[in-house]
Amino acid sequence: MGFEPPQRLVRALGEMYGDGAAADWLDRLPTLTEQALDAAGPDLTVERVAAPGGRSALVLLVRQADGTPAALKIAPPPAEPEQERAALAHWNGWGAVKLLEDSAPDASGALLLERLHHEVSLRSLPEAKALLEAAGTVRRLWVEPPADHPFETVAERTGRQSEGMRAAATADPELAPLVDAALAARAELVEAAPELLLLHGNFRQSKVLSGERAPWLTVGPEPLVGERAYDLARLVRDRVEDLIASPGGPVTARRRVKKLAESLEVDQARLHGWTLFRAVESGTRALAEGRRQMGEVNLEFAGWL
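Residues numbered from 1 in each chain as written. Predicted model: local features only at pLDDT ≥ 70, side-chain atom pairs only at ≥ 80, totals over all residues. Heavy atoms only, no water.

Some words on the environment of Arg285
So, step 1. Secondary-structure assignment places Arg285 in helix 10 (residues 268–288).
So, step 2. On a C-alpha basis, the gap between Arg285 and Thr68 in space is 40 Å, while along the polypeptide they are 217 residues apart. (Helix = DSSP H or I, 4+ residues; strand = E, 2+ residues; numbered from the N terminus.)

Details of the pattern of salt bridges
So, step 1. Within the structure shown, the criterion is met by 19 salt bridges.
So, step 2. For Lys73, the salt bridge identified is with Glu84, shortest N-O distance 3.0 Å. A residue pair is termed long-range when its members are at least 10 positions apart, and Lys73 in strand 3 (residues 69–74) and Glu84 in helix 3 (residues 81–91) qualify at 11 residues.
So, step 3. A salt bridge links Glu195 to Arg228; the shortest N-O distance between them is 2.9 Å. (Salt bridge = Lys/Arg side-chain N within 4 Å of Asp/Glu carboxyl O.)

Some points on the sheet that holds strand 5 (residues 117–121)
So, step 1. Read from one edge to the other, the open sheet built from three strands follows the order 5-7-8, with strand pairing classed as antiparallel. Unpaired on one side and paired on the other, strand 5 and strand 8 (216–218) mark the two borders of the sheet. For this sheet the average axis-to-axis angle between neighbouring strands, irrespective of direction, equals 55 degrees.
So, step 2. As defined by bridge partners, strand 7 (residues 208–210) adjoins strand 8 across three bridges and the pair is classed as antiparallel. (Pairing = 2+ DSSP bridges. Axes fitted to C-alpha atoms, helices over the stretch in contact; angles between N-to-C directions.)

A look at the environment of Pro173
So, step 1. For Pro173, the location among the structural elements is in the loop between helix 5 (154–171) and helix 6 (176–191).
So, step 2. C-alpha of Pro173 to C-alpha of Leu32: the two residues are 141 residues apart in sequence and 43 Å apart in space.

A few points about the side chain of Arg186
So, step 1. Structurally, Arg186 can be placed in helix 6.
So, step 2. No salt bridge is formed by the buried Arg186, whose closest oppositely charged neighbour, Glu163, lies at an N-O distance of 8.2 Å.
So, step 3. At 2.8 Å, the side chain of Arg186 and the side chain of Thr158 are in polar contact.
So, step 4. Leaving out residues up to four positions away in the same chain, Arg186 has contacts with Ala155, Thr158, Gly159, Ser162, Trp274 and Phe277. (Buried < 20%, exposed > 50% of the residue type's maximum accessible area, 1.4 Å probe, protein only. Lys, Arg positive; Asp, Glu negative; His and termini not counted. Polar contact = N/O pair within 3.5 Å; in protein donor to acceptor, adjacent residues only side chain to side chain. Contact = heavy atoms within 4.5 Å.)

A closer look at the sheet that holds strand 3
So, step 1. One open sheet holds the four strands; their spatial order is 1-2-3-4, and the pairing between them is antiparallel. A strand with exactly one partner marks an edge of an open sheet, and here the two such strands are strand 1 (45–49) and strand 4 (111–114). Neighbour-to-neighbour, the strand axes of the sheet open up by a mean angle of 35 degrees, direction not taken into account.
So, step 2. The sheet contacts of helix 2 (residues 19–40) involve strand 1, strand 2 (58–63) and strand 3, and relative to strand 3 the element is tilted by about 140 degrees.

Some thoughts on the environment of Tyr230
So, step 1. In this fold, Tyr230 is placed in helix 7 (residues 228–236).
So, step 2. Residues Tyr230 and Thr275, 45 residues apart in the sequence, show an inter-C-alpha distance of 7.5 Å.

Focus on helix 10
So, step 1. The terminal C-alpha atoms of helix 10 lie 30 Å apart, and with 21 residues this matches the ideal 30 Å at 1.5 Å per residue to within 8%.
So, step 2. Within helix 10, 15 of the 21 residues are buried, which leaves the element mostly enclosed by the surrounding structure.
So, step 3. The backbone nitrogen of Ala269 has a side-chain oxygen 3.1 Å away, supplied by the residue at the start of helix 10, namely Asp267. (Expected span 1.5 Å × (residues − 1).)

Details of helix 7
So, step 1. The element helix 7 is largely enclosed, with a buried count of eight among its nine residues.
So, step 2. Within helix 7 the residues assigned to the buried category are Ala229, Tyr230, Asp231, Leu232, Ala233, Arg234, Leu235 and Val236.

Comments concerning unusual backbone geometry
So, step 1. With omega at 5 degrees, the peptide bond leading from Ala51 into Pro52 counts as cis.
So, step 2. Tracing the sequence through the fold places Pro52 in the loop between strand 1 and strand 2.
So, step 3. Look at Glu80: it is not a glycine, yet its phi comes out positive at around 55 degrees.
So, step 4. Of note in the backbone geometry, Asn92 takes a positive phi value of approximately 50 degrees without being a glycine.
So, step 5. If you trace the backbone, Asn92 turns up in the loop between helix 3 and strand 4.

What to know about the nonpolar core
So, step 1. Leu232, Leu271, Trp274, Val280 and Phe301 are the most contacted members of the largest nonpolar core, which totals 65 residues.
So, step 2. Other than its neighbours up to four places away in sequence, Trp274 contacts Val154, Thr158, Arg186, Leu189, Val190, Glu227, Ala229, Tyr230 and Ala233.
So, step 3. Core analysis: the next-biggest nonpolar cluster, separate from the first, contains 20 residues, Leu13, Leu26, Leu37 and Leu44 among them. (Core = buried A, V, L, I, M, F, W, Y, C linked by side-chain atoms within 4.5 Å.)

Some thoughts on the pairing of strand 2
So, step 1. Bridge count for strand 1 against strand 2 is four bridges, and the pairing is antiparallel. Counterpart to Val46 in the pairing with strand 2 is Val62.
So, step 2. Relative to strand 3, strand 2 is paired through six bridges, and the arrangement is antiparallel. Its bridge partner lying in strand 3, Leu58 is registered against Ile74.
So, step 3. Counted along the chain from strand 2 to the antiparallel partner strand 3, the turn is five residues long, and its residue Gly67 has a positive phi close to 90 degrees.

Details of the packing of aromatic side chains
So, step 1. Tallying each qualifying case throughout the model produces three aromatic pairs.
So, step 2. Ring geometry for Trp274 versus Phe277: centroids 5.8 Å apart, planes at 90 degrees, classification edge-to-face. Placement of the pair is Trp274 and Phe277 together in helix 10, with a separation of three residues, close to one helical turn. For the pair shown, Trp274 and Phe277 are each scored as buried.
So, step 3. Ring centres of Phe301 and Trp304 lie 6.2 Å apart, and the angle between their planes is 55 degrees; this geometry places the pair in the tilted category. In this pair, Phe301 and Trp304 both sit in helix 11 (residues 292–304), three residues apart, roughly one turn of the helix. (Phe/Tyr/Trp six-rings, centres within 6.5 Å; stacked < 30°, edge-to-face > 60°.)

And the structure:
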């Protein structure tokens, strides 16, 4: 199958994994795609590549033998598609895109999913409406994880991320106060985690797409287990560029923490702490990947908290 991967995907993979590793996977992508199509069976018809698509995987719009539209998602191994498969299988369409097959993954790691309207996310709605719909969607995902689940915990993931944050503070001492505050917040939060639920891991408005089976369904989980406040923290800084440009940005940011905590019955102090940690982690990681503008925006947001 001949196609060009979307440039958005090419750029993002280079930022996340380095140009060499990204180029290697992209070179193998045609072969991986053929493997995925062979594993899915001869009755799957490819229509086109979803563009501009996401930042972590190639998505092919396909049709099944009976004409039902579907999507075939192919992601590189560091994106851990097997973890996504496990979470989607457990949710079984409850608040999330439905996995259309639950067989053992093939060498491509591809996922066959119900097709959503990839061009229509919650970001197409006015902000207040988008946050309301997002809150209603994410609460459906917070369920007990399966027994013997393969997911890491919030403590484990944030522990790994802390190393990169410390390295950023060492390289740029001006970042040290924010990094120290974020790490102190994390240490206090993981010491007494109140619950262990299955979480999306990267929940935000752009990860909620319009569907036929339900008005809004979540895609692209980076699943882990932990407390709801961690999952909600990424949503607090959605449309962060607009917040930064607004003269009332700091007040709006703090108001979001309060409003989301109250509407979803999450402890406000814990949501504040995880919002700080995740904003600083995202900011320092963006700087390390060469995305300076995004890094600075997230760190400025963190400073408001």
